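The chain contents come next:
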Amino acid sequence: MRVDSHVHVFFEGSDPEEFILGCARVGAKIVEQKSGVAVAPEVLRESAMGELGDPDASKLVGWMDEAGIDRSVLLPLDFGMGCDEPAIGKLERLTILERNELYAEFTRKYPGRLYSYLGVDPRRKGALELFRRGIEEWGMLGLKLHPTAGFYPHDPVCYPFYEAAREMGVPVLIHSGTEPAPLKPMFSQPKYIDAAAADFPEVTFIIAHCGHGWWIEALDMAMSKPNLYVDFSGWQAEYNGDPDYFYFVLRAAINVLGASRVMFGTDGSMTNVMLWPRDWMQAWLEPKSPSGISFTTEEIDMVTGGAAAMLYGWE
Ligand SMILES: [Zn+2]
């Protein structure tokens, strides 16, 4: 079974505009570096939204088919409190309740293909109730937190959520590493996720993106805590820069944690502009490392789906 353990759905009004523009600024810089042609972030935003905007998740399922991905784990984003609210006063996008309801609807529309976490900022009123409802009523898999909106994973505000995760027997997936403005990655450093994992050894915590540039810290923390997992979603950028940088870190992660705590992910759909899901999956299934870094078939099967299947009880 092949599993994308980390993916999102974007469309007009799905997320704070300030964040979408932040992503477009990053994209414009990459385009300019590669082609020498300056492109306005606003122009890039329009074309990316046109191609990757996916209000009913049908494009996502098409990309999964192309890539040979059997199941995808959707992660609703809630970093609005770190963006343009409430200063603007008028919300022309989905509320957090609506966004989570929509993701639950996608899982009902594509049973056996799409699964979802419940994503909410723990500082929001009614957040804990929403988390419980997501798990108990909508069959969601776990809790997604995005600390870059301005809270630490080991902040006491998060602890009732970890208590609830322990009680309901579900994992907590926490963003870690680089993120465009206006979000602040400092809150998502792996050592803060580790502090939460230390207080809740019965709860599985997933360090998303293996902390990107903090990958050494992420692996170091996870080495001595069996309840810490990592996913390598969003590493298309590192892979594009130098395939061996990615393969070296993936090899290190498997060496340190074992393949059963390391997971493939796309972090789509915005990352499709860097590498299409089928090409990213191919880079995992048939690694072509310039310096000869290699993986066994068993390791590849585990990281591209086996680990997620075990975590979610699918096998
Ligand atoms: Zn993500």
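Before any of the text, the structure's been laid out above.
One structure accompanies this document, and this report is about it. (Residues numbered from 1 in each chain as written. Predicted model: local features only at pLDDT ≥ 70, side-chain atom pairs only at ≥ 80, totals over all residues. Heavy atoms only, no water.)

A separate point is the coordination of the zinc ion. Each pair of donors in an ideal four-coordinate tetrahedral metal site encloses 109.5 degrees, whereas pairs in an ideal six-coordinate octahedral site enclose 90 or 180 degrees. Coordination of the zinc ion by the protein is provided by His6 (NE2), His8 (NE2) and Asp267 (OD), with metal-donor distances spanning 2.1 Å. Every donor residue of the zinc ion comes from the same chain, spaced as H-x1-H-x258-D. Of the residues examined, histidine 6 reaches a relative accessible area of 0% and is grouped as buried. (Donors = N, O, S within 2.8 Å, 3.2 Å for Na, K, Ca; no water. Buried < 20%, exposed > 50% of the residue type's maximum accessible area, 1.4 Å probe, protein only.)

This part is about the sheet that holds strand E6 (residues 172-174). If you walk across this open sheet you meet the six strands as E4-E5-E6-E7-E8-E9, and the pairing is parallel. The sheet terminates laterally at strand E4 (118-119) and strand E9 (262-263), the two strands that pair on one side only. As judged from the three bridges shared by E6 and strand E7 (residues 205-207), these two strands associate in the parallel manner. Each residue of the ladder has a partner; that of isoleucine 174, found in E7, is isoleucine 207. (Pairing = 2+ DSSP bridges. Helix = DSSP H or I, 4+ residues; strand = E, 2+ residues; numbered from the N terminus.)

Quick look at the nonpolar core now. Grouped together as the largest cluster of nonpolar side chains are 78 residues, with contacts concentrated most on Phe131, Tyr162, Phe205 and Phe232. When residues in this core are grouped by element, the largest group, eight residues, is from helix H10 (residues 243-257). Apart from the residues within four sequence positions on either side, phenylalanine 232 is in contact with Cys210, Phe246, Val249, Leu250, Ala253, Val262, Met263, Gly265, Trp280 and Trp284. In terms of nonpolar packing, the next biggest core, distinct from the first, is built from 17 residues, Val73, Leu173, Ile206 and Tyr312 among them. (Core = buried A, V, L, I, M, F, W, Y, C linked by side-chain atoms within 4.5 Å. Contact = heavy atoms within 4.5 Å.)

Think of an α-helix as 3.6 residues a turn; residues three or four steps apart then line up on the same face. Listing the buried residues of helix H3 (residues 58-67) in full gives Leu60, Val61, Trp63, Met64 and Ala67. Seen from one end, H3 has its buried residues packed into an arc of 160°, which puts them on one side. Lining the buried residues of H3 we find strand E1 (3-7), helix H2 (41-52), strand E2 (71-74), strand E3 (114-116) and helix H11 (277-285). (Arc of directions from axis to C-beta.)

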